[in-house]
Amino acid sequence: MKKVKLLFKTLLSLWIVYNIFVMLVMPNVGAYFGRVTANVVTPYANTVGLNAGWNFFSPEPAHPMYLKYTINYLDAEGEELKEPVYGFFPLEIAKDNRPLPNITRKREWALMRYMVLDPKRLRVLMGPWFCRQYPGATSVDMEHVIETIPFLDQAVRFREDSVSDLSKEVQYIRESYSCTGGDEESL
């Protein structure tokens, strides 16, 4: 009985130490030590929900995802009837023409994560919505963009640069939707 109890305490202690190790490594899994131990740490962390990176603790924890869109107004021959409308969803535009997240619009941010799961959702859901928002539009071109968040060691090394300057835009999906009932096409 004592051996079983000792074995149980030892296994429980090892499990607790391993969990603490995972919690210390996962926030900076992109660093050298995190990359070396990733095979041991990441599968377990993904399974139990400890897979949050360092950005989990930042003011804007998730990768910013948004749509760049262009609303086109063309006649039957393809000539512009009026200037296209360019915009971002669900972002506001800062004074320097850079997209600026508004964290009070959490439903729209959740929608962007939903959209990235299946590319055809842009045509099926967002295309018709944009057409209703801009009466008279003939088509909508949409690009789903994901801004990467730099690794912690990169953010520390380049302290003088803002995190948004270190991030990169990754174009994930491009779709076009015809507001006039014509063919929908994927770019």
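Worth saying up front: this structure is predicted, and the values here are computed from it rather than measured.

*Asks:* Requested: an account of the state of the cysteines, with residues and values cited.
*Replies:* Summed over the entire model, instances satisfying the criterion amount to 1 disulfide. What pairs with Cys-131 in a disulfide is Cys-179, and their sulfur atoms sit 1.8 Å apart. With the S-S dihedral at roughly -75 degrees, the linkage between Cys-131 and Cys-179 falls on the left-handed side. On the criterion of sequence distance, the pair formed by Cys-131 in helix α5 (residues 120–133) and Cys-179 in the loop between β6 (169–178) and β7 (185–186) is long-range, its members being 48 residues apart.

*Asks:* If you had to explain the packing of aromatic side chains to someone new, which residues and values would you point to?
*Replies:* Summed over all chains, the structure comprises 7 aromatic pairs. Ring centres 4.3 Å apart and planes at 35 degrees place the aromatic pair Tyr-69 and Phe-130 in the tilted group. With Tyr-69 in strand β1 (residues 65–74) and Phe-130 in helix α5, the pair connects residues that are 61 residues apart, well separated along the chain. On the basis of relative accessibility, which here comes to 10%, the residue Tyr-69 falls in the buried class. Overall, Phe-130 belongs to the buried group, its relative accessible area being 1%. Note on Tyr-69 and Tyr-134: the rings are 6.2 Å apart at their centroids and 50 degrees apart in plane angle, and the pair reads as tilted. Of the two residues, Tyr-69 is situated in strand β1 and Tyr-134 in the loop between α5 and β5 (139–147); the sequence distance between them amounts to 65 residues. The ring of Tyr-73 has Lys-82 lying over it, and the distance from NZ or CZ to the ring centre is 4.3 Å.

*Asks:* An account of the pattern of salt bridges is needed here, citing residue identities and associated values.
*Replies:* One pass over the structure, following the stated rule, counts 1 salt bridge. Taking the shortest distance from any N to any O, the salt bridge between Arg-123 and Glu-175 comes out at 3.2 Å. With a gap of 52 residues between them, Arg-123 in helix α5 and Glu-175 in strand β6 connect regions that are remote in the sequence. A relative accessible area of 3% places Glu-175 in the buried class.

*Asks:* For the environment of Pro-84, give the residues involved together with the corresponding values.
*Replies:* With respect to the secondary-structure elements, Pro-84 resides in strand β2 (residues 80–89). Measuring from C-alpha to C-alpha, the distance between Pro-84 and Asn-72 comes to 4.8 Å, with 12 residues separating the pair along the chain. Ignoring any residue separated from it by four or fewer positions in sequence, one finds Pro-84 in contact with Thr-70, Ile-71 and Asn-72.

*Asks:* Tell me about the packing of helix α1 (residues 2–25) against helix α3 (residues 38–48), and name the residues and values.
*Replies:* Two elements in contact, α1 and α3, have axes separated by 10 Å at closest approach and are oriented at 95 degrees. As the angle between them shows, α1 and α3 are arranged roughly perpendicular. Contacts between α1 and α3 involve Trp-15, Tyr-18, Asn-19, Phe-21, Val-22 and Val-25 on the former and, on the latter, Val-40, Val-41, Tyr-44 and Ala-45. Per-class residue counts for the contact of α1 with α3 are 9 nonpolar, 1 polar and no charged.

*Asks:* Summarise α3; cite the residues concerned and give the values.
*Replies:* Listed as buried for α3 are Ala-38, Val-41, Tyr-44 and Ala-45. Projected down its long axis, α3 carries its buried residues within an arc of 165 degrees, all on one side. In α3, the exposed positions that point more than 90 degrees away from the buried face belong to Asn-39 and Thr-47. Check the buried side of α3 and you find it contacts α1 and α2 (32–36).

*Asks:* Please provide a residue-by-residue account of a nonpolar patch on the surface, values included.
*Replies:* Together, Phe-8, Leu-12, Trp-15, Ile-16, Ile-20, Met-23 and Leu-24 make up an exposed nonpolar region whose accessible area comes to about 740 Å². Of note, Leu-12 is situated in helix α1. Judged by relative accessible area, Leu-12 falls into the partly exposed class, the value being 38%.

Criteria and thresholds
Residues numbered from 1 in each chain as written. Predicted model: local features only at pLDDT ≥ 70, side-chain atom pairs only at ≥ 80, totals over all residues. Heavy atoms only, no water. Disulfide = S-S within 2.5 Å. Helix = DSSP H or I, 4+ residues; strand = E, 2+ residues; numbered from the N terminus. Phe/Tyr/Trp six-rings, centres within 6.5 Å; stacked < 30°, edge-to-face > 60°. Buried < 20%, exposed > 50% of the residue type's maximum accessible area, 1.4 Å probe, protein only. Lys NZ or Arg CZ within 6 Å of the ring centre and 35° of its normal. Salt bridge = Lys/Arg side-chain N within 4 Å of Asp/Glu carboxyl O. Contact = heavy atoms within 4.5 Å. Axes fitted to C-alpha atoms, helices over the stretch in contact; angles between N-to-C directions. Parallel < 35°, antiparallel > 145°, perpendicular 65-115°, else oblique. Nonpolar A, V, L, I, M, F, W, Y, C, P; charged D, E, K, R; others polar. Arc of directions from axis to C-beta. Patch = residues over 30% accessible without salt bridge, like charges linked within 9 Å, V, L, I, M, F, W, Y side chains within 5 Å. Areas by Shrake-Rupley, 256 points an atom, 1.4 Å probe, with all protein chains shown as cover.

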